[in-house]
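Overview (structure and organization)
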There are 2 protein chains.
Amino acid sequence: MAIRMTEQVYLVLLALADHPRHGYGVVQRVLELSDGAVRLSAGTLYGVLDRLTAAGWITESGEEVVDGRLRRYYRVTDDGAATLAAETARLESLTRRAAAVLRPGLAGA
Amino acid sequence: MAIRMTEQVYLVLLALADHPRHGYGVVQRVLELSDGAVRLSAGTLYGVLDRLTAAGWITESGEEVVDGRLRRYYRVTDDGAATLAAETARLESLTRRAAAVLRPGLAGA
DNA sequence: CTCATATATATCGCATCTCGATATATATCG
DNA sequence: CGATATATATCGAGATGCGATATATATGAG
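Here the structure is a predicted model, which is why all the values come from computation and not from measurement.

This brings us to the overall build of chain A. Regarding its fold elements, chain A presents four helices and three strands. Overall, chain A shows an N-to-C arrangement of helices and strands of α-β-α-α-β-β-α. Principal axes of the C-alpha set define a box for chain A whose edges measure 55 × 30 × 25 Å. The buried share among the 109 residues of chain A stands at 41%. In chain A, once contacts between residues fewer than 6 apart in sequence are set aside, the share between residues at least 24 apart is 48%.

Turning our eyes to something else, we now look at the layout of surface pockets. Here the largest pocket defines a volume of roughly 690 Å³. Lining the largest pocket are 23 residues, and of these Met5, Thr6 and Glu7 of chain A together with Thr6 and Glu7 of chain B lie nearest its centre. Elements supplying a minimum of two residues to the lining of the largest pocket: helix H1 (7-15) and helix H4 (78-102) of chain A together with helix H1 (7-15) and helix H4 (78-102) of chain B. Taken together, the residues that form the lining of the largest pocket break down as 11 nonpolar, four polar and eight charged.

This brings us to the interface of chain B and chain A. Each partner contributes residues to the interface: chain B has 25 residues there, and chain A has 25 residues. Across the interface of chain B and chain A, roughly 2,200 Å² is buried in total on both sides, 60% from carbon and sulfur atoms. At the surface where chain B touches chain A, the tally comes to six salt bridges. Where aspartate 35 of chain A meets arginine 97 of chain B, a salt bridge forms, and the shortest distance between an N and an O atom there is 3.0 Å. Linking chain B to chain A there are 10 residue pairs in polar contact (both at pLDDT 80 or more). For the side of chain B that touches chain A, the secondary structure elements donating two or more residues are H1, helix H2 (23-33) and H4 of chain B. No other element matches the 14 residues that H4 of chain B contributes to the side of chain B that touches chain A. Tallied by class, residues from the side of chain B that touches chain A come to 14 nonpolar, three polar and eight charged.

Here we take up the protein's contact with DNA strand C. Around DNA strand C, the surrounding shell holds 25 residues, and the nearest of these are Tyr24, Arg71 and Arg72 of chain A together with Gln8 and Arg51 of chain B. Sugar and phosphate atoms represent 72% of those atoms of DNA strand C found within 4 Å of the protein. The contact in question runs from a sugar or linking oxygen of DNA strand C to an N or O atom on the side chain of tyrosine 46 of chain A, over 3.3 Å. Note that a phosphate oxygen of DNA strand C is positioned 2.5 Å from one of the side-chain N or O atoms of arginine 51 of chain B. Elements with a contribution of two residues or more to the surface near DNA strand C: helix H2 (23-33), helix H3 (42-55) and strand S3 (69-76) of chain A together with helix H3 (42-55) of chain B. If you tally residues by element for the surface near DNA strand C, the top one is H3 of chain B, at five residues.

This part covers the protein's contact with DNA strand D. Lining the immediate environment of DNA strand D, one finds 25 residues, of which Arg51 and Arg69 of chain A together with Tyr24, Arg71 and Arg72 of chain B sit closest. Within 4 Å of the protein, the atoms of DNA strand D are drawn from sugar and phosphate moieties in a proportion of 72%. In this structure, a sugar or linking oxygen belonging to DNA strand D sits 3.0 Å away from a side-chain N or O atom of arginine 4 of chain B. Within the side chain of arginine 69 of chain B, an N or O atom sits 2.9 Å from a base oxygen of DNA strand D.

Here we come to unusual backbone geometry. The general pattern is negative phi for most residues beyond glycine and trans for most peptide bonds. All names here are of chain A. In the Ramachandran plot, aspartate 35 falls in the positive-phi region, its phi being about 55° despite a non-glycine side chain. Its place among the elements puts aspartate 35 in the loop between H2 and H3. Even without a glycine there, the phi angle at aspartate 67 is positive, about 55°. Looking at where aspartate 67 falls in the secondary structure, it is placed in the loop between strand S2 (58-66) and S3. The exposure class assigned to aspartate 67 is exposed, which follows from its relative accessible area of 69%.

How each quantity is defined
- Per chain, residues are indexed from 1 in the order of the written sequence.
- The order in which chains are written sets their letters, starting at A; the order in which ligands are written sets their numbers, starting at 1.
- Owing to the predicted nature of the model, reporting of local features is limited to residues with pLDDT of at least 70; listing and counting of side-chain atom pairs is limited to 80 or more, with chain, interface and lining totals taken over all residues.
- Just so you know, side-chain values use all the structure's heavy atoms and leave hydrogens and water out.
- Strands are runs of DSSP state E lasting at least 2 residues, helices are runs of H or I lasting at least 4, and numbering of each runs from the N terminus.
- Here's how the labels work: a residue is buried when its accessible area is under 20% of the maximum for its type, exposed when over 50%, partly exposed in between, all with a 1.4 Å probe on protein chains only.
- Two residues form a contact once any of their heavy atoms are found within 4.5 Å.
- With a 1 Å grid spanning the protein atoms alone, the term cavity applies to any set of points in which a 1.4 Å probe fits but cannot get out, the term pocket to an open set with protein on both sides within 12 Å along at least five of seven lines, and the term lining residue to any residue with an atom within 4 Å of a point.
- Grid points are joined across faces, edges and corners, and a volume is the space filled by probe spheres set on the points.
- Put simply, Ala, Val, Leu, Ile, Met, Phe, Trp, Tyr, Cys and Pro go in the nonpolar bin, Asp, Glu, Lys and Arg in the charged bin, and everything else, Gly too, in the polar bin.
- By definition, the buried area sums, over both parts, the 1.4 Å-probe accessible area that each loses when the two are put together.
- Salt bridges, as used here, are contacts in which a Lys or Arg side-chain nitrogen is within 4 Å of a carboxyl oxygen on Asp or Glu.
- Polar contacts, as counted here, are pairs of nitrogen or oxygen atoms within 3.5 Å of one another; within protein the pair requires one atom able to donate a hydrogen and one able to accept it, and residues that are adjacent in sequence qualify only if both atoms are side-chain atoms.
- Residues are labelled near a given molecule or strand when at least one of their non-hydrogen atoms is within 4 Å of it.

Given below as structure tokens:
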């Protein structure tokens, strides 16, 4: 299952990078990582979670009931971690290029 | 006309940042900016160009016949330039966050 | 007690976006 | 003569985004 590396997919992967989280926790983490700019809607969240699971980049990682509510946890797989690292490197390279285009002559161009 | 800031949209905007280019020139510039990773298909290119024009972020900038073939040029508007600068800043911030998550303790975390 | 909000899950369907296929045309190189 | 590169553009299938909707519990305000 090949899925498209969209920003939403990248952000969910990044949100799960440090430790397993449940869906709602992913939304909060993405909000934090994006400085409040990206609030994943429920439709987007579960769609991405399903595709990421089908791609083998994340996997379900147990359930837990907290305050009477179910939490379903997900964690990044080795494949997912490798993909995330590669995609991060690609984005860093791209932003460096972009900076050189938009702000030329600032050392590093 | 609000359009979605996808990576393809961002790349076309960035490709037009330094000076006007025609469609085919945009494809080549994006290929270069992405280190050969992103080869815009014709369908994507003209779709993005149309949406970018409708959003007022780029505008047609004359035509020219070179070697018997028509070139239709596009340039970034002030609104487009502001959007591109803001989006670049957002991406830089995001990649800094990502680096801090994936490679903690490397100064700047 | 009630209502709103936050937490937490999930699905549905419309709109949007991507992208290969297709079409048309000229120039170049083998 | 055919393949490849340059150059435009459209079409439609499939993928993706996201608001609306549904269900359920906990908490705090009024």
